[in-house]
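The chain contents come next:
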Amino acid sequence: TTNGPDLSVNHCRPMRNGRAVGVQRRTRKEINAWTDSEFQRFAWAMRSLFNGWGPTPYSELITRHSSCHDVDGHFIPWHRRFIYDLESTLQHVSGDCGMTLPYWNSNLQAGHAWSSVVFSP
């Protein structure tokens, strides 16, 4: 079984006999491989954060992100942790341990990147 997306130390971790037995595996998909349903669930979770629902309001995440460039020499690890926290919060809001942020392989759209779904409303 898997613990639910509750933001505890056992957030979405595999469980056996009431104990965590591993870490949560997060598998991100390339954005062009997302289904309409995945986009809709992600958009709903982001809107929920934006509207103040959840443990960490969107405005707090934006404020935290605005200070990331002040962390000398820690830009990449800082962002890795920020993405982890954002995904965990989205999982909590959506109730879905499988929700992750997409990645974009811009090489797949070389020469016409501006027409990508990434830039579509």
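See the structure shown above.
Not measured: the values here are computed from a predicted model.

Quick notes on the rules
Residues numbered from 1 in each chain as written. Predicted model: local features only at pLDDT ≥ 70, side-chain atom pairs only at ≥ 80, totals over all residues. Heavy atoms only, no water. Disulfide = S-S within 2.5 Å. Helix = DSSP H or I, 4+ residues; strand = E, 2+ residues; numbered from the N terminus. Buried < 20%, exposed > 50% of the residue type's maximum accessible area, 1.4 Å probe, protein only. Phe/Tyr/Trp six-rings, centres within 6.5 Å; stacked < 30°, edge-to-face > 60°. Core = buried A, V, L, I, M, F, W, Y, C linked by side-chain atoms within 4.5 Å.

## Concerning the state of the cysteines
What the rule picks out here adds up to 1 disulfide. Put simply, Cys12 and Cys97 are joined by a disulfide, and their sulfur atoms are 2.1 Å apart. Classification of the bridge connecting Cys12 and Cys97 rests on its S-S torsion, roughly -85 degrees, and on that basis the disulfide is left-handed. With Cys12 in the segment before strand E1 (15-16) and Cys97 in the segment after helix H3 (75-94), this residue pair connects regions lying 85 residues apart in the sequence. Relative accessible area serves as the criterion here: at 4%, Cys12 is assigned to the buried category. Taking relative accessible area as the criterion, Cys97 reaches 24% and is therefore assigned partly exposed.

## Let's talk about the packing of aromatic side chains
Taken as a whole and assessed by the stated rule, the structure comprises 5 aromatic pairs. Look at Trp78 and Phe82: their rings are 5.3 Å apart centre to centre, the planes differ by 10 degrees, and that puts the pair in the stacked class. Note that Trp78 and Phe82 are positioned in helix H3 at a spacing of 4 residues, about one turn of the helix. Judged by its relative accessible area of 17%, Trp78 is buried.

## Here's the deal with the nonpolar core
Side chains of a nonpolar character, in soluble globular proteins, are inclined to be buried together. Counting residues in each nonpolar core, the largest one holds 13 residues, and the members touching the most others are Phe42, Leu49, Leu86 and Leu90. A per-element tally of this core places H3 first, with 5 residues.

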